[in-house]
There are 2 protein chains.
Amino acid sequence: MTARVLIVDDIPTNVRLLEARLAAEYYEVLTASSGPQAIEICNRNDVDIVLLDVMMPDMDGFEVCRRLKASPRTNHIPVLMITALDQPSDKVRGLEVGADDFLTKPVDDMQLMARVKSLARLKTLTDELRARALTGQQIAIEDALRAMDNVDTGGGHVLVIDTDARHAERIKTYLVPEHSVDVLVQPADAVFQVTGAPYEVVLVAMALENFDPLRVCSQIRTLEHTRTLPIILIADETDRPKVVRALDLGINDFIMRPVERNELAARVRTQIRRQRYALELRQSVNNTMAMAVTDDLTGLYNRRYFERHLHVMLSKAQSQGRDMAVMILDIDHFKAVNDTYGHHVGDSVLKEFAQRLRRSVRGVDLACRFGGEEFVVLMPDTDMGQAEAVAERVRRAIAEQGFDVGGDRPMWVTVSAGVTLNESVSDTPAVLMKRADVALYRAKRQGRNQVVFDAA
Amino acid sequence: MTARVLIVDDIPTNVRLLEARLAAEYYEVLTASSGPQAIEICNRNDVDIVLLDVMMPDMDGFEVCRRLKASPRTNHIPVLMITALDQPSDKVRGLEVGADDFLTKPVDDMQLMARVKSLARLKTLTDELRARALTGQQIAIEDALRAMDNVDTGGGHVLVIDTDARHAERIKTYLVPEHSVDVLVQPADAVFQVTGAPYEVVLVAMALENFDPLRVCSQIRTLEHTRTLPIILIADETDRPKVVRALDLGINDFIMRPVERNELAARVRTQIRRQRYALELRQSVNNTMAMAVTDDLTGLYNRRYFERHLHVMLSKAQSQGRDMAVMILDIDHFKAVNDTYGHHVGDSVLKEFAQRLRRSVRGVDLACRFGGEEFVVLMPDTDMGQAEAVAERVRRAIAEQGFDVGGDRPMWVTVSAGVTLNESVSDTPAVLMKRADVALYRAKRQGRNQVVFDAA
């Protein structure tokens, strides 16, 4: 994992020192000697991480950070603030203006590399997700980019793993009542514990009795369910080499003892913010993807989805020599409903119809709205007898109970259906649909409210 | 980066040895002593990587690999084959049955860790992409899962970077004519070279004269454009520590000198396959996302997209005190086109209309199909005069040239439009649309083929 790092400091010596260290680890380095220059470079280049000194003349680091985070073009770039003094108040202020992490001068090599590496990894993952989310909704670009700031970080679910109950309870007091905190003193139960509750951050003490803390971390990391769950280590000076190893394993952050209350709160908040932001992006992508295949009104799959699915399923049925049934349904006299009662009532009939249809087919069946008042159901591994059972169940579910359309009494609705089976390897989707359509036409001509099987 | 690794070997000592090594590096380890057992575990568990011995009684490693890769449930799990003898033919056979990488016994520690780490990283990235692709099209699950196998690996674009022209040319002869290969003997030009051509793999010799090969790699890795471009190092025994470092930087693979022709060809093929597969997945996700916001027939944005966009843009215009115009267009007498010539002709008119509309609006404008023969254009930062210019340009583009609908002579089509401006912060999307609609109605009543501005 490498990255393009921008070093911002008004003192040339500091810049050169950091540059040499980062270049030795094969980071690509850009430099800026003032806040305005840094902002300009961020706007122009693909900067992955900003290493930002706080004390600069004219525009200080806090202001630079605030501006970077306020602009949709740059607010996704992680900012690592370098505070001259080990002032907790500086850290808090840095986090208030949106800094992602901080280091104190003199900059410790291991801390520097660990923080930069961790941010580089974060950036890579977020970039991939952002790219997806943006593709779907260019409209929402500014929304999405701004989201990270707007993410609420309160009410988190935190787990503290420490064999020393007294230590764990102290950590807990630092985090409540902002978050709800559980304590686990048996590290062996970690996997059991994290799979049982919706934790958003896990704090792992390095000083576990008779248990390797990194083993706990790797167990959490390899569970499908908790693969992205943020982990923060609580370490002593002597744990340094192991912390470096832990960051390689994908641990998200660490804090050194003695644990400073504000720093801990800030680090937990940052992890919760990132976790919730990533979740939002994933959901945004998933929603857009779902929209592409769903009919807005009824929530059933749409025609596009059906056609692609029919193609795939038919090839599969043919190559495996299995049956497959297709049913086309058309609500009887639906035009009259629209003409008499208006589109509003028509729409509510369609919705109710879709609900009953969905409940009447089997789990393996695929129910779609084909368009207007026409629906299709695809039934894999289904012979004529089974298809008949499904079709009749649907017909009855519609006809035997009136539709509540808001009037004094229910409206009576019926449906006609045409069903056909995949019969030979030469059947194409079009041939299949044509046969079902002909059967539907016969059902209509014979008086509606019935199921007709293709007699071919 | 950690992972869940399944070790498959019929000799308990071998299993224990590998298990101890991997556990020491915090991998979670599962074990199997036979092929069938391994397949069962892969079907049941979230296995990330399979470490597979070739020589086993009953079912050998080749057969296990073939079966894992043939099943859609398991074919995305990377398989690392362990061949007992350093037989090039075994490697080739392993790759033929779909193995992702191979090691030779006795297993070298550095090679083992390097290969496992690299596959773990690959798995993580692919999982994320697959999850997205599958959400959109559950239909295409089997498609997507099978795709990796079906990816064509021929005709790749390969770049060899080596200051020793003679070495580079030999490497080249190993890869042509299967791929097209360029040679670069000036590593300083690497960035320039890779941004200028669509390379799919870069081979970097570690023995560069006066140039750090890892610097070349990190430069390629940090360019936005080539961030995912596969890199294979060509290393000597003495380069081992640096190879480990390179893998940390995200280099994809390495091969030791003396370079064995079949192994090189196989490794290049594997990287090309992965690269093309990831590209396919990304495109599949992007296509689905695009579908969600696009009208099938015309390719314009759809109503859903428009409504979301209108909402966002209106808030923005109001908060910044800027103008914004909305235009609703309705093709005149379109019903008659459908009734007289059929839907087929109607559709081709809609398509041609959409094309002319798209060409007549400005780059910043958003043209959407609202439904049927109704279209909308959203014009940000636009005053009445500018909106009028756009609207008139559209009207003329439709009216002044006949539509070719396949008949003897062109069909003459006109459009009516209603335009309104965002006027106050109390305007809602619904109010805006209503005003534009009223203006459109007046355009129709006044004789059609004209633009009417809301007079409010």
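Check the entry above for the structure.
Because the structure is a prediction, the values reported are computed rather than measured.

### A closer look at the interface of chain B and chain A
(1) Moving on: The interface of chain B with chain A comprises 56 residues on the first partner and 56 residues on the second.
(2) Moving on: Here chain B packs against chain A, burying approximately 5200 Å² in sum over the two surfaces, 51% of which is carbon and sulfur.
(3) Moving on: We note a salt bridge from Arg227(A) to Asp48(B), for which the minimum N-O separation is 2.9 Å.
(4) Moving on: One can count 14 residue pairs in polar contact (both at pLDDT 80 or more) joining chain B with chain A.
(5) Moving on: Looking at the side of chain B that touches chain A, the elements with two or more residues in it are helix 5 (109-136), helix 6 (141-150), helix 9 (213-222), helix 10 (240-248), helix 11 (261-292) and helix 12 (303-319) of chain B.
(6) Moving on: Within the side of chain B that touches chain A, the residues separate by chemical class into 20 nonpolar, 13 polar and 23 charged.

### Side note on the layout of surface pockets
(1) Moving on: A volume near 1600 Å³ is recorded for the second largest pocket.
(2) Moving on: Around the second largest pocket, the lining comprises 33 residues; the ones closest to its centre are Asp295(A), Gly371(A), Gly372(A), Asp295(B) and Arg369(B).
(3) Moving on: Going through the elements one at a time, helix 12 (303-319) and strand 12 (366-371) of chain A together with helix 11, helix 12, helix 13 (334-341), helix 14 (343-360) and strand 12 (366-371) of chain B are the ones with two or more residues in the lining of the second largest pocket.
(4) Moving on: Residues that form the lining of the second largest pocket fall into these classes: 9 nonpolar, 10 polar and 14 charged.

### Some remarks on the pairing of strand 14 (residues 415-421) of chain A
Residue and element names in this part refer to chain A.
(1) Moving on: The buried fraction of strand 14 amounts to 7 of the 7 residues, a majority that puts the element mostly inside the structure.
(2) Moving on: Of the two faces of strand 14, both are covered, the one formed by Val 415, Ala 417, Val 419 and Leu 421 as well as the one formed by Ser 416, Gly 418 and Thr 420.
(3) Moving on: Pairing geometry for strand 11 (residues 324-331) and strand 14, over 7 bridges, is antiparallel. Considered in strand 14, the bridge of Ile 331 is made with Val 415.
(4) Moving on: Relative to strand 15 (residues 451-453), strand 14 runs parallel, the two being bridged by 3 bridges. Pairing of Gly 418 across the sheet is with Val 452, part of strand 15.
(5) Moving on: Handedness of the strand 14-helix 16 (residues 429-445)-strand 15 crossover: left-handed.

### A look at the sheet that holds strand 2 (residues 28-32) of chain B
Residues and elements named next belong to chain B.
(1) Moving on: Sheet architecture is open: 5 strands sit in the order 2-1-3-4-5, paired in parallel fashion. Looking at strand neighbours, the two that pair on one side only are strand 2 and strand 5 (101-104), the edges of this open sheet. Each adjacent strand pair in this sheet contributes to an overall mean axis angle of 20 degrees, direction not counted.
(2) Moving on: Taken together, the 4 bridges between strand 1 (residues 4-8) and strand 3 (residues 49-53) define a ladder with parallel strand orientation. Within the sheet, the bridge partner assigned to Val 5 lies in strand 3 and is Ile 49.

### Considering the packing of aromatic side chains
(1) Moving on: Going through the model one piece at a time under the given rule, you end up with 6 aromatic pairs over all chains.
(2) Moving on: Taking 4.6 Å as the distance between ring centres and 40 degrees as the angle between the ring planes, the aromatic pair formed by Phe353(B) and Phe375(B) counts as tilted. Of this pair, Phe353(B) sits in helix 14 while Phe375(B) sits in strand 13 (residues 374-380), and the two are 22 residues apart along the sequence. Like Phe353(B), the residue Phe375(B) is buried in the burial classification.
(3) Moving on: The residue whose ring lies beneath Arg303(A) is Phe370(A), and the NZ or CZ to ring-centre distance is 3.9 Å.

### Details of the packing of helix 2 (residues 35-44) of chain B against helix 3 (residues 61-70) of chain B
Residue and element names in this part refer to chain B.
(1) Moving on: Close contact between helix 2 and helix 3 brings their axes to 10 Å; oriented N to C, the two are set at 25 degrees. It follows that helix 2 is roughly parallel to helix 3 by the angle criterion. Crossing geometry of helix 2 relative to helix 3 is assigned as right-handed. Contacts from Gly 35, Ile 39 and Cys 42 in helix 2 reach Val 64, Arg 67 and Leu 68 in helix 3.
(2) Moving on: The residue makeup of the contact of helix 2 with helix 3, split by class, is 4 nonpolar, 1 polar and 1 charged.

### Focus: the side chain of Thr83(A)
(1) Moving on: Relative to the assigned elements, Thr83(A) resides in strand 4 (residues 79-83).
(2) Moving on: The residues contacting Thr83(A), other than those within four sequence positions of it, are Val54(A), Asp90(A), Leu103(A), Thr104(A) and Lys105(A).

### Points about the pattern of salt bridges
(1) Moving on: A complete count under the given rule lists 76 salt bridges over all chains for this structure.
(2) Moving on: Two residues, Glu392(B) and Arg395(B), come together in a salt bridge whose shortest N-O distance is 3.1 Å. Here Glu392(B) pairs with Arg395(B), and both are found in helix 15 (residues 384-399), just 3 residues apart, close to one helical turn.
(3) Moving on: In this structure Glu392(B) comes out as partly exposed when scored by relative accessible area, which is 25%.
(4) Moving on: Residue classification places Arg395(B) among the buried positions, given a relative accessible area of 17%.
(5) Moving on: A salt bridge links Arg396(B) to Glu400(B), with the shortest nitrogen-to-oxygen separation between them at 3.9 Å.
(6) Moving on: Taken together, the shared-partner salt bridges in this structure form one network comprising Asp101(A), Arg115(A), Asp253(A), Glu263(A) and Arg267(A).

### What to know about the sheet that holds strand 14 of chain A
Residue and element names in this part refer to chain A.
(1) Moving on: Ordered by their spatial adjacency, 5 strands build an open sheet running 12-13-11-14-15, and the pairing between neighbours is mixed. For this open sheet the edge positions go to strand 12 and strand 15, each flanked by a neighbour on one side alone. Taking the axes of each pair of neighbouring strands and ignoring which way they run, one obtains an average angle of 20 degrees across the sheet.
(2) Moving on: Here helix 14 (residues 343-360) sits on the sheet and contacts strand 11, strand 12, strand 13 (374-380) and strand 14; the angle it forms with strand 13, its principal contact strand, is near 10 degrees.
(3) Moving on: Sheet strands in contact with helix 16 are strand 11, strand 12, strand 13, strand 14 and strand 15, and its direction is about 145 degrees off that of strand 14.

Basis of the calculations
- Residues numbered from 1 in each chain as written.
- Chains lettered and ligands numbered in written order.
- Predicted model: local features only at pLDDT ≥ 70, side-chain atom pairs only at ≥ 80, totals over all residues.
- Heavy atoms only, no water.
- Contact = heavy atoms within 4.5 Å.
- Buried area = accessible area lost by both parts, 1.4 Å probe.
- Salt bridge = Lys/Arg side-chain N within 4 Å of Asp/Glu carboxyl O.
- Polar contact = N/O pair within 3.5 Å; in protein donor to acceptor, adjacent residues only side chain to side chain.
- Helix = DSSP H or I, 4+ residues; strand = E, 2+ residues; numbered from the N terminus.
- Nonpolar A, V, L, I, M, F, W, Y, C, P; charged D, E, K, R; others polar.
- 1 Å grid on protein atoms, 1.4 Å probe; cavity = no way out; pocket = protein on both sides within 12 Å on 5 of 7 lines; lining within 4 Å.
- Points joined across faces, edges and corners; volume = space filled by probe spheres on them.
- Buried < 20%, exposed > 50% of the residue type's maximum accessible area, 1.4 Å probe, protein only.
- Pairing = 2+ DSSP bridges.
- Right-handed = clockwise from strand over helix to strand, strands pointing away.
- Axes fitted to C-alpha atoms, helices over the stretch in contact; angles between N-to-C directions.
- Phe/Tyr/Trp six-rings, centres within 6.5 Å; stacked < 30°, edge-to-face > 60°.
- Lys NZ or Arg CZ within 6 Å of the ring centre and 35° of its normal.
- Parallel < 35°, antiparallel > 145°, perpendicular 65-115°, else oblique.
- Left-handed = near helix turned anticlockwise from the far one by under 90°.

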